[in-house]
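Listed here are the chains, written in short residue letters.
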Amino acid sequence: MTRSDLVEELANRFKQLTHRDAEFAVKTILDAMNDALVRGHRIEIRGFGSFSINRRPPRMGRNPRSGESVAIPEKRVPHFKPGKALREAVDQRTTELTAPAHR
C-alpha cells in the first residue's frame, strides 16, 4: 500500500472528507510520526505495533570492488515491531491463503 492508496482508502471510508482533507490528514500523521522518531521518541499504536530507533554500532566493512577495509560510522535507524494482534491477523490470513482446498 502506498501513501496515495492510504489517502484513497481514507477518503472512501469517510465520505465527509474531501480527497484534499484525507491527503492532509495522512500527511499530518506521517509528519508527526517522523518528527517523533527524529527526536528519539518511541511510537506505540495499540493493536498495530511500535516504532523505535535502533542504534547500529560502528564497524569495519569491506569495499566489494577493491577489497579494502572501510570504517562504517554509527547509525540510528528506525525499527518497527508489529503488535500481537497484527502478527496474529497476518499469520491467520496467510495460513488461509496457503491452506489446500478440501475435496
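Structure's up top.
Here goes a summary of the coordinates provided. Everything quoted here is computed from the prediction, not taken from an experiment. (Residues numbered from 1 in each chain as written. Predicted model: local features only at pLDDT ≥ 70, side-chain atom pairs only at ≥ 80, totals over all residues. Heavy atoms only, no water.)

The number of helices and strands found in the protein chain is three helices and five strands. The order of α-helices and β-strands along the protein chain, N terminus first, is α-α-β-β-β-β-β-α. On C-alpha atoms alone, the protein chain measures out to a radius of gyration of 20 Å, which is more than a quarter above the 13 Å that the 2.2 N^0.38 rule sets for 103 residues. Dimensions of the protein chain, computed from C-alpha atoms along their principal axes, come out at roughly 55 × 50 × 30 Å. When burial is assessed residue by residue, the protein chain has 15% of its 103 residues classed as buried. As presented, the protein chain carries roughly 9000 Å² of accessible surface, and 55% of it is formed by carbon and sulfur atoms. Distance from the positive charge centre (20 side chains) to the negative charge centre (13 side chains) of the protein chain: 7 Å. (Helix = DSSP H or I, 4+ residues; strand = E, 2+ residues; numbered from the N terminus. Rg over C-alpha atoms; globule rule 2.2 N^0.38 Å. Buried < 20%, exposed > 50% of the residue type's maximum accessible area, 1.4 Å probe, protein only. Areas by Shrake-Rupley, 256 points an atom, 1.4 Å probe, with all protein chains shown as cover. Lys, Arg positive; Asp, Glu negative; His and termini not counted. Charge placed at Lys NZ, Arg CZ, Asp CG, Glu CD.)

Inspection of the entire model under this criterion finds five salt bridges. Here Glu-44 ties to Arg-42 by a salt bridge, and the two come within 3.0 Å at their closest N and O atoms. A relative accessible area of 43% places Glu-44 in the partly exposed class. Note that Glu-44 is salt-bridged to Arg-46, the shortest N-O span being 2.5 Å. With a relative accessible area of 73%, Arg-46 lands in the exposed category. Here the residues in one salt-bridge network are Arg-42, Glu-44 and Arg-46, joined through shared partners. (Salt bridge = Lys/Arg side-chain N within 4 Å of Asp/Glu carboxyl O.)

Core analysis: the biggest nonpolar cluster contains five residues, these being Met-33, Ala-36, Leu-37, Ile-43 and Phe-51. Top contributing element to this core by residue count: helix H2 (residues 19-38), with three residues. In contact with Ala-36, not counting residues within four places along its chain, are His-41 and Ile-43. (Core = buried A, V, L, I, M, F, W, Y, C linked by side-chain atoms within 4.5 Å. Contact = heavy atoms within 4.5 Å.)

The three strands are arranged E1-E2-E5 in an open sheet whose pairing can be described as antiparallel. A single partner strand is all that each edge strand has here, and the edge strands are strand E1 (43-45) and strand E5 (75-82). Between one strand axis and the next, the sheet turns through 30° on average, direction left out of account. Bridge count for strand E2 (residues 49-56) against E5 is eight bridges, and the pairing is antiparallel. (Pairing = 2+ DSSP bridges. Axes fitted to C-alpha atoms, helices over the stretch in contact; angles between N-to-C directions.)

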